[in-house]
Structure formats: C-alpha cells, structure tokens
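# Results of the structural survey
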Amino acid sequence: MSEKRSTLDKVMEVSLRRGLVFPTAEIYGGFAGVYDFGPVGSFLRENLINFWLQYFVKTEIDPPVYLLSGGTVLPFEVLKASGHVDHFVDPIVSCSSPECKTEFRADHLIEDATGQFVEGLDEQELTRIIRENNIRCPNCDSELADVTIFNLMLATKVGAGKGTVAYMRPETAQIMFLDFKRTAISMRAKLPFGIAQVGSSYRNEISPRKGLIRLREFEQMEIEMFVDPATLNEQPNFDEIKNVKLRLLTREGQEKEPQEILEITADESVKQNILPNQYFAYYLAKETVFYTRCGIPRDKFRFRHMKPEETPHYSGGNWDLEIELPRGENSQIVEIVGNAYRQAYDLGNHAKHSGEDLSIETENGENIIAHVVEPSFGVDRSTHCILEHCFREKGVDRDWTWFQFPNVIAPISVQVYPLMRKDGMPEKARDIYVKLKKDAGFNAIYDQAGSIGRRYARADEIGCPYCLTIDYTTLEDDSVTIRDRDSMKQIRVPLSKLVDILRQLLEENIKFAEAGQPV
Ligand code: GAP
C-alpha cells in the first residue's frame, strides 16, 4: 500500500486488522457514527478509564469525588429544563440536487470554504454567507438549500401505544445534577464535593467522520465539582499542582497570526484572572499531567478559551483541551475535554422546573445553590488521539508499524513465547502464561506461531511493552528473556522473580537495563 496514506488511514488499517476498533454492524455495511472496540481495543479503553478513575476520582480525598452510574434514557422534562430541547442544535444545509441530497453542518462547510469563523450565527446569516460566497455542494457542485436548525438529541418513545417522548442522554452530566440531593444526603456530603460518572452519551451528529472523533454513540467521563462560590479560590489541594505549567490559548492569542500560546503556571493563571478560579485551574493542571502520561506530547495540546459566541450566557468561563493530530500539512485540532465553570445554572434550573429544593447548607449555615466546575472528557476522542500520537511509522527503527503506548494504558502488558514448538518449551511457556494471567492478573497473550521476529512484530503492532521467551536455557536454569518494545533490547531474569520484575517494569519503578542480565 502507498506510504502516502495519512496517519489516520494507517492507524485505522492497523486498528481493524489487529482488533482495536471495528465499525459497528460491518457485515451490514456499517452504521455511521458508531464503532465497536475489538478484543485489543477494549483493554486500551478499559485501561484509559481505569487510569482516569484512579487519578480523578478514587485518589481524591478532600474534596471527595463520588461515583454514579445513571440511566441513559431521560424524560422530556429533564432535557427541557436543561435547555437541550430548545438549544442543543446545529445548523444544517443540504444539497438541492435530488440525486445527491447530502447534508452538511453549515458552519463547518462555511469555515472549510472561506476560513471564516461563523459559530453562533443564526440560520439566515449562514444562508446569506453561503449565497454571497457561492458555496456549493462539495460532493456534486449543485446549489445548496437554505440553512435550517437541527436538534442533536436522539429521541425515542417509551411505553406502549403512542408512548411518551424521551431522549437518549446527550451528556452524562444531567444525572449528576438530578442525583445531587440524594448523593449529598446519602454520603452526608458537605460542600465542596464532586460527582463523577463514566458512561455512554448519544448525539445525532450530522456528519460523523472516519475514526472516533465525531460519533453518534460515545463514552464520556465527567465530573461535576460542587463548590460554595465564596470558596472558589480555596481548592484544598491547589498547592500540589500550582506549579504545573499550562499551555493556554487566550482570546487575544487566538487573534494573532500565528496564534500565540501562553505558558503559565496554574497559580499565576488564577492570580492574573486568566482562569476563573482555583478549582478550574486545578483540573487544567491535572489534565495536563494525565494526557502527558497517556502519551500525548505536551506541545501538541493547549487549552483554548472559547470565544464569546461559543460560550453559553450562564458560563463563568469555558476552556477546551484541544489536541493537534499529526496529519502533516493538514494537521487537525480536536477538542477532547470541555472545561466549564457553569456557576449555579444547572441546579438552579432543575430546582425551578422540578419544584425540588436543591439548595445545600454551607459551613456558615447559609442555604445556597452550589456552583459547578465541570471537566468533561471524551473516552473515544481521547483514545483516537492516543492512537494517532502513539503510532510509529514503519521503516524508522524497524520494518513494521507499532504503537508506543505508555504502560499504564497498554492493552496487552506481556506476551509469552516458547522459542520452539518442541522439547517441552510450549508446556513450560504455557505454564508461565497461565500464572501471569490467572494468578498475577496481567493482560497476557500466548503466541507460538511463526519466528520469534514475527511474533515480536505482532506484539509491537498492538503496543505490547514486554515479550518473554522460553528457550533451552529456561529448561536448564529456570530463567527467561524479557524483550523491551521501545529499545528492542533483551534481559534475562530468574523465573522466581518474574512477576515482581514485570510489575516493577510496568509501573515504571525500575529501568529496563537494570532489571536483569543483558542478553
Ligand atoms: N457536559 C458537557 C459536555 O458534554 P461537550 O463539550 O459537549 O461537553 C464533552 O462534550 C466531551 O465529550 C468532548 O470534549 C468530547 O471529548 C466528547 N464528545 C462530545 N461529542 C462527541 C461526539 N459526537 N463523538 C465523540 N466524542 C464526543
């Protein structure tokens, strides 16, 4: 195949071939905007979620972050109150040719054709810009119809007969607002505290694209941090992250040519009133650490301050974590985390529409509506960016493509090989494999097919950091070789210490070269 293919094409080809990502309903021609994670990809996704839970939820003590797992179908009233029924819309324009009829997101189409930023303009203004610039259907060059507005929620009906209208949730966040009071009472929680959730969300995206960037069913990891507004600059753990340097693309920085990134510590960003408060800066700092550890180079991401026309009226500040994908000249920027200071909007609105008192008592004995700081992560988009950034081209240091996944998210940690299929090596290798998988709990694969070189290549292709080989020396002295994916070097270690050494290597507590005898 031609090496001119984009990184995206190459990544999607390996993903399909090696069990990372499959199109849903592929045998029926696929289903746009929905993907399945395959046997290898499911572990990558699971490791990413577990790392997130560990770093953002389970290790948070003061303030605590409680985990929920809520319903995915919500009644009309909830989404009316949240504003989704009336405002969760995109402008859509379709081709007027009866043979084509393709639909496009009008703002994206205009931005692609003119470079003009048009988010927030109404349908009349968008139609005018299309006419003035003579923008035509990119598929067949026919004239485009007028722009209309399209609600992005997936509606359904529940109950027998005519049923009642309900929606697949467009974000996990609403559950955290709906369960705010129950969580506070059941956990005897006082402000500040957070509620987190990992789960599916659904949006009827107009033009889902290749890969996992714009899906109709996707997974979110969200936290709603509930805070007394009088204490927004008293985040108890702020000292731990205050010196983390953030890469900020401010509104002024966006106007410059080329755009200018501001490198500033979390501490200074609050002191200089660039970010709205310490709770907000705390999450931006933690996201910086998290994504760097997930294998995204720090200079490939930045937090962009949303422009006024992109920012909801109730917001006290919206900054998206955006990642630049390695696409050569056509580099693409993707939002993977939305950070929003939502103030009292959500609880206030649900209190008004439901008639329920959602206020909470502060330390001073005052009843208030809590303010909310929300970091909202996309699992699929994060996975996609990790895939593209960890992808290594064939021909640089080896004759095959490979993924340099950090150990913490690598889908398979270790592969076990008998050098030959004779003299008791397969039996010995299988024993070790069973011990590693069953007793020690490693994600392991046993492989005895083909030459060792080909087996290493297969392991590299799915980003497996370590491969063990059982050879004649193993049969004599109970030692095995470990091959390191990144350096392609090998060491020999005694079987009695194998589990411990592997664990230390995977947790990056020891260096590979120091973990055993060089081979
Ligand atoms: N509760 C706030 C909220 O949902 P958002 O910016 O609409 O904010 C948050 O979404 C994150 O969810 C995005 O940064 C992205 O990672 C992910 N996301 C949103 N729409 C998506 C889609 N159609 N396909 C894949 N991921 C999506």
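Residues numbered from 1 in each chain as written. Predicted model: local features only at pLDDT ≥ 70, side-chain atom pairs only at ≥ 80, totals over all residues. Heavy atoms only, no water.

### A closer look at the overall build of the chain
Worth spelling out the cut-off: Here a strand is any run of E in DSSP of at least two residues, a helix any run of H or I of at least four, and the numbering for each starts at the N terminus. Three exposure classes are used, based on accessible area relative to the maximum for each residue type with a 1.4 Å probe and protein chains only: buried under 20%, partly exposed in between, and exposed over 50%. Pairs of residues are marked as contacts when any of their non-hydrogen atoms sit within 4.5 Å.
Along the chain, the regular secondary structure elements total 18 helices and 27 strands. The principal-axis extents of the C-alpha atoms in the chain amount to approximately 75 × 65 × 60 Å. Relative to its 519 residues, the chain shows a buried fraction of 53%. Within the chain, counting contacts between residues at least 6 apart in sequence, those at least 24 apart form 65% of the total.

### Some remarks on the environment of Gln220
The test is simple: By the criterion applied in these results, polar contacts are pairs of N or O atoms within 3.5 Å in which, for protein atoms, one can donate a hydrogen and the other can accept it, and in which residues neighboring in sequence qualify only through two side-chain atoms.
Here Gln220 shows up in strand β11 (residues 217-227). What makes Gln220 buried here is its relative accessible area of 5%. Along the chain, Gln220 and Val337 lie 117 residues apart, while their C-alpha atoms are 9.5 Å from each other. If near-sequence neighbours (up to four positions away) are discounted, Gln220 is found in contact with Pro170, Glu171, Thr172, Gln197, Val198, Gly199, Ser201, Arg203, Ser376, Phe377 and Val379. There is a polar contact of 3.0 Å between the side chain of Gln220 and the backbone nitrogen of Thr172.

### Comments concerning the pattern of salt bridges
As a reminder, the rule being used: A pairing counts as a salt bridge when a side-chain nitrogen of Lys or Arg comes within 4 Å of a carboxyl oxygen of Asp or Glu.
By the definition in use, this model includes 31 salt bridges. Across the salt bridge formed by Arg342 and Asp346, the nearest N and O atoms sit 2.7 Å from each other. Using a relative accessible area of 3% as the deciding quantity, one classes Asp346 as buried. Note that Arg483 is salt-bridged to Asp460, the shortest N-O span being 2.7 Å. With Arg483 in strand β25 (residues 479-484) and Asp460 in helix α16 (residues 452-461), this pair connects stretches of sequence that are 23 residues apart. The burial state of Arg483 is the same as that of Asp460; both residues are buried. Through salt bridges with shared partners, a single ionic network connects Glu13, Arg17, Arg18 and Glu461.

### A word on the packing of aromatic side chains
Aromatic ring pairs: the centre-centre distance and the angle between the two ring planes describe each pair. Stated precisely, the cut-off is as follows: Working definition: a ring pair exists when centres of Phe, Tyr or Trp rings (six-membered ring for Trp) sit within 6.5 Å. Plane angles under 30 degrees give stacked, over 60 give edge-to-face, the rest tilted. Put simply, a charge is over a ring when the Lys NZ or the Arg CZ is close to the ring centre, within 6 Å, and near the line of the ring normal, within 35 degrees.
The full count for this structure, using the stated rule, is 25 aromatic pairs. Feature note: the residues Phe51, Trp52, Tyr55, Phe56, Tyr282, Tyr283, Phe290, Tyr291 and Phe377 constitute an aromatic cluster, connected by ring pairs. Between the NZ or CZ atom of Lys307 and the centre of the ring of Phe117, over which it lies, the distance is 4.1 Å. Sitting over the face of the ring of Tyr446, Arg430 holds its NZ or CZ atom 5.1 Å from the ring centroid.

### Re the sheet that holds strand β6 (residues 103-105)
We count it as follows: Note on pairing: two strands pair once DSSP finds at least 2 bridges between them. In this description, a line fitted to the C-alpha atoms serves as the axis of each element, helices being fitted only across the stretch in contact, and the angle between N-to-C directions of two axes falls anywhere from 0 to 180 degrees.
Within the open sheet, the three strands sit side by side as β6-β5-β7. Their pairing is antiparallel. The sheet is open, and its two borders are formed by β6 and β7 (148-151), each paired with just one other strand. For this sheet the average axis-to-axis angle between neighbouring strands, irrespective of direction, equals 45 degrees. The sheet contacts of helix α5 (residues 106-114) involve β5 (89-94) and β6, and relative to β6 the element is tilted by about 75 degrees.

### Some thoughts on the site of the ligand
To keep things clear, this is the line we draw: For this purpose, a residue is taken to be near a molecule or strand whenever a single non-hydrogen atom of the residue falls within 4 Å of it. Working definition of accessibility: Shrake-Rupley area with a 1.4 Å probe, residue cover restricted to the visible protein chains. Residues are grouped as follows: Ala, Val, Leu, Ile, Met, Phe, Trp, Tyr, Cys and Pro are nonpolar; Asp, Glu, Lys and Arg are charged; every other residue, Gly included, is polar.
The local shell around the ligand holds 18 residues, among which Glu171, Glu205, Leu215, Glu222 and Glu335 are the closest. In this structure, a nitrogen atom belonging to the ligand sits 2.6 Å away from a side-chain N or O atom of Glu171. Between the ligand and the protein, one listed contact pairs a nitrogen atom with a side-chain N or O atom of Glu374 at 3.0 Å. Relative to its unbound accessible surface of 560 Å², the ligand loses 90% to contact with the protein. Here the element with the most residues in the shell around the ligand is strand β16 (residues 332-343); it accounts for four residues. Of the residues contributing to the shell around the ligand, the split by class is six nonpolar, four polar and eight charged.

### A closer look at the environment of Thr156
Among the secondary structure elements, Thr156 is positioned in strand β8 (residues 155-158). For the pair Thr156 and Val73, spaced 83 residues apart in the sequence, the C-alpha separation amounts to 8.6 Å. Those residues in contact with Thr156 that sit more than four places away from it in its chain are Val73, Thr164, Val165, Ala166, Tyr167 and Met168.

### Focus: the domain arrangement of the chain
Let me state the cut-off plainly: Residue ranges assigned to each domain were obtained from an automatic or database domain assignment. Once two parts are joined, some of their accessible surface, as seen by a 1.4 Å probe, is lost; buried area is that loss totalled over both.
Split by domain assignment, the chain resolves into domain 1 (3-86 + 153-392), domain 2 (89-151) and domain 3 (412-518). Distance between the C-alpha centres of domain 1 and domain 3: 38 Å. Taken together, the contact pairs five residues of domain 1 with five residues of domain 3. Contact between domain 1 and domain 3 buries roughly 570 Å² in total, counting both sides, with carbon and sulfur atoms accounting for 53%.

### Description of the sheet that holds β16
As summarised here, the arrangement of the nine strands in space is β3-β10-β11-β19-β16-β15-β14-β12-β13, forming an open sheet in which the pairing is mixed. Looking at strand neighbours, the two that pair on one side only are β3 (65-68) and β13 (262-265), the edges of this open sheet. Averaged over all neighbouring strand pairs, the angle between strand axes comes to 30 degrees, with direction disregarded. Pairing of strand β10 (residues 193-202) with β11, which is carried by ten bridges, proceeds in the antiparallel orientation.

### Concerning a nonpolar patch on the surface
Where we set the bar: Each patch is built from salt-bridge-free residues with over 30% relative accessible area, joining like charges within 9 Å and nonpolar side chains (Val, Leu, Ile, Met, Phe, Trp, Tyr) within 5 Å.
Where nonpolar side chains cluster on the molecular surface, the patch consists of Leu419, Met420, Tyr472 and Leu475 and spans about 310 Å² of accessible area. Within the secondary structure, Met420 is located in the loop between β22 (414-418) and α15 (425-439).

### Some remarks on the nonpolar core
Short version of the rule: By convention a nonpolar core is built from buried Ala, Val, Leu, Ile, Met, Phe, Trp, Tyr and Cys residues, the set being connected through side-chain atoms within 4.5 Å.
Counting residues in each nonpolar core, the largest one holds 77 residues, and the members touching the most others are Trp52, Phe56, Leu246, Phe290, Tyr291 and Phe403. The residues that make up this core include at least three from each of domain 1 (3-86 + 153-392) and domain 3 (412-518). Not counting the four nearest positions on each side in its chain, Phe56 is found in contact with Val65, Ile223, Tyr283, Lys286, Glu287, Phe290 and Phe377. Membership of the second largest hydrophobic core comes to 28 residues, among which are Leu68, Phe193, Ala351 and Val372.

### Here's the deal with helix α1 (residues 7-17)
Taken together, the buried positions of α1 are occupied by Thr7, Leu8, Lys10, Val11, Met12, Val14 and Ser15. Within two residues after α1, Gly19 carries a phi angle of roughly 80 degrees, on the positive side.

### Description of the packing of α1 against helix α14 (residues 379-390)
Note the threshold: Any angle that falls under 35 degrees is termed roughly parallel, while one over 145 is termed roughly antiparallel, one within 65 to 115 roughly perpendicular, and all others oblique.
Across the interface, α1 lies against α14 with an axial gap of 10 Å and an inter-helix angle of 105 degrees. Between α1 and α14, the angle falls in the class roughly perpendicular. On the side of α1, the interface is formed by Thr7, Leu8, Val11 and Ser15, while α14 contributes His384, Leu387 and Glu388. The class makeup of the residues in the contact of α1 with α14 is three nonpolar, three polar and one charged.

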